[in-house]
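Residue-level listing of the chains:
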Amino acid sequence: MRHDPGVPRSSVPPPDLPFDDEVIHALVRRRDTGRRDGHRIALVIGGGGMRGAYAGGMTHAIHDLELGRHFDVIYGSSAGAYIGAGLLIGKGPGTAQIFYEDMASPAFIDHRRLRSRQPMIDLDHLLDAIMVDSKPMDWPALRDSKVPLRVVATAVDDLSGHVLQPRTAAEWKLALRATSTIPWLAGRPVRLHGRRWIDGSVAEPLPLERALRDGATHVLALVNRTVVELRRATPQRRASGWARTLDRFIPGLGSMAQETRRHGPVMALLDAPKDTAPHTAHLAVVTPQQDAGVSGLTTDPARVEEAARIGYATFRAAADRVIAASA
């Protein structure tokens, strides 16, 4: 990624979503003292396919600031789970690079495959080629990590979100496949521990509520959409053609996958007045400061790299502001 890590291109405007400086302060205190405390600090990373480049850039910045080792738990849905895995095994820069160097390619996403009734997204290429040769995933290290990665997937039978519980390196690979597969687009549901699973972002695009329910006192949430995009989503009177196609595979999946339906509960939580919010946690939400025009299926490497750069610059600007203010 082409950037100057020490000089973000622009400053962060006053946030429209919660950003409690104490979350960054708590991470920096752990980094600088080398000591744990009584807090439970969670990193929550949202999904969104190739939009994950934004969060990949943010996570690259977290790595460069040496904050990645100081979380107590990481939650990820879909692309967010892969990004969290990369951070845990010490491959922070790769969490951004994999999107524009490897995934922004017809080898991974090619709509022409639909003509022969093949999935548009080739998860085999991601898991068995990219994550073996170009950006190797250390599955045993992920399995043995002292900081747990909570991979969220959606159960096919009732479309509810769950944290998967992989026990072996092979099951970890299945878990990451499960959290990113969608019928027709990315392959069949994945069977693990007696149930069938699909993309975690269908049920929980940002597993924020889950982190709070699990007792997090501090939450850093990385979102792959700008505030404008999140605010712009409006209920649709009629399901899109894409949604109706998904419903043919799994009844209810199409409507569940609609933007408003998926992000509504999270936005309601974020917009709750502080004195009536159903939690007391310190919450910092980071959204891309700019829109690079990247969708979940974008394959333009330059555009995807720009999204990663925006994510990096956005997080660095936010973190550097907090750190400078406390110096």
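A quick note: this is a predicted structure, and the numbers were derived from the prediction, not measured.

A. Expanded view of helix H1 (residues 21-33). Here H1 spans 18 Å end to end across 13 residues, near enough to the 18 Å set by a 1.5 Å rise per residue. When H1 is considered as a whole, its buried residues turn out to be Glu22, Val23, Ile24, Ala26, Leu27, Val28 and Arg30. Where H1 is buried, its residues meet strand S1 (41-45), strand S7 (218-222), strand S8 (282-286) and helix H14 (301-325). Capping of H1 at its N-terminal end is provided by Asp20; its side-chain oxygen lies 2.9 Å from the backbone amide nitrogen of Glu22. Just downstream of H1 lies Gly34, where phi reads positive at about 75 degrees.

B. Representation of the side chain of Thr154 in the model. With respect to the helices, strands and loops of the structure, Thr154 is situated in strand S3 (residues 149-155). Within the structure, Thr154 has its side chain in polar contact with the backbone oxygen of Asp199 (distance 2.7 Å). Beyond its immediate stretch of four places on either side in the chain, Thr154 contacts Leu159, Ser160, Arg196, Trp197, Ile198, Asp199, Gly200, Val202 and Ala203.

C. Spatial organisation of the pairing of S7. Of all five residues in S7, five are buried; the element is thus mostly enclosed. The alternating pattern of S7 places His218, Leu220 and Leu222 on one face and Val219 and Ala221 on the opposite face, and all of these are buried. Here S7 pairs with S8 via five bridges, running parallel. Across the sheet, the residue bridging to His218 is His282, located in S8.

D. Region of interest: unusual backbone geometry. Phi at Glu66 takes a positive value of approximately 60 degrees, unusual for a residue other than glycine. Positive phi, normally seen in glycine, also occurs at Arg117, with a value near 60 degrees. Within the secondary structure layout, Arg117 lies in the loop between helix H4 (94-103) and helix H5 (123-134). A residue is classified by how much of its surface remains accessible, and Arg117, at 80% relative accessible area, is exposed.

E. Just the UniProt feature "active site" (unreviewed entry) in the protein chain, in detail. As recorded in UniProt, the sites labelled "active site" (unreviewed entry) are Ser78 and Asp199. A maximum C-alpha distance of 5.8 Å places the annotated residues, which cover 122 residues in sequence, within one compact spot. Given a relative accessible area of 5%, Ser78 falls into the buried group. Not counting the four nearest positions on each side in its chain, Ser78 is found in contact with Gly47, Val152, Thr179, Ser180, Asp199 and Ser201. Looking at where Asp199 falls in the secondary structure, it is placed in the loop between strand S6 (195-198) and helix H8 (200-203). We classify Asp199 as buried; its relative accessible area is 4%. Leaving out residues up to four positions away in the same chain, Asp199 has contacts with Ser78, Thr154, Ala178, Thr179, Ser180, Thr181 and Ile182.

F. Layout of the packing of helix H2 (residues 52-64) against helix H3 (residues 79-88). The geometry of H2 relative to H3 is characterised by a closest axis approach of 10 Å and an angle of 20 degrees between their N-to-C directions. Overall, the two elements H2 and H3 adopt an arrangement that is roughly parallel. For the crossing formed where H2 meets H3, the hand is right-handed. Here Gly52, Ala55, Gly56, Thr59, Ile62 and His63 of H2 lie close against H3, whose contacting residues are Ala79, Ile83 and Leu87. Classifying every residue of the contact of H2 with H3 gives five nonpolar, four polar and no charged.

Each value, and the rule that gives it
- Residues numbered from 1 in each chain as written.
- Predicted model: local features only at pLDDT ≥ 70, side-chain atom pairs only at ≥ 80, totals over all residues.
- Heavy atoms only, no water.
- Helix = DSSP H or I, 4+ residues; strand = E, 2+ residues; numbered from the N terminus.
- Expected span 1.5 Å × (residues − 1).
- Buried < 20%, exposed > 50% of the residue type's maximum accessible area, 1.4 Å probe, protein only.
- Contact = heavy atoms within 4.5 Å.
- Polar contact = N/O pair within 3.5 Å; in protein donor to acceptor, adjacent residues only side chain to side chain.
- Pairing = 2+ DSSP bridges.
- UniProt positions renumbered as here; feature names shortened; annotations may be inferred.
- Axes fitted to C-alpha atoms, helices over the stretch in contact; angles between N-to-C directions.
- Parallel < 35°, antiparallel > 145°, perpendicular 65-115°, else oblique.
- Left-handed = near helix turned anticlockwise from the far one by under 90°.
- Nonpolar A, V, L, I, M, F, W, Y, C, P; charged D, E, K, R; others polar.

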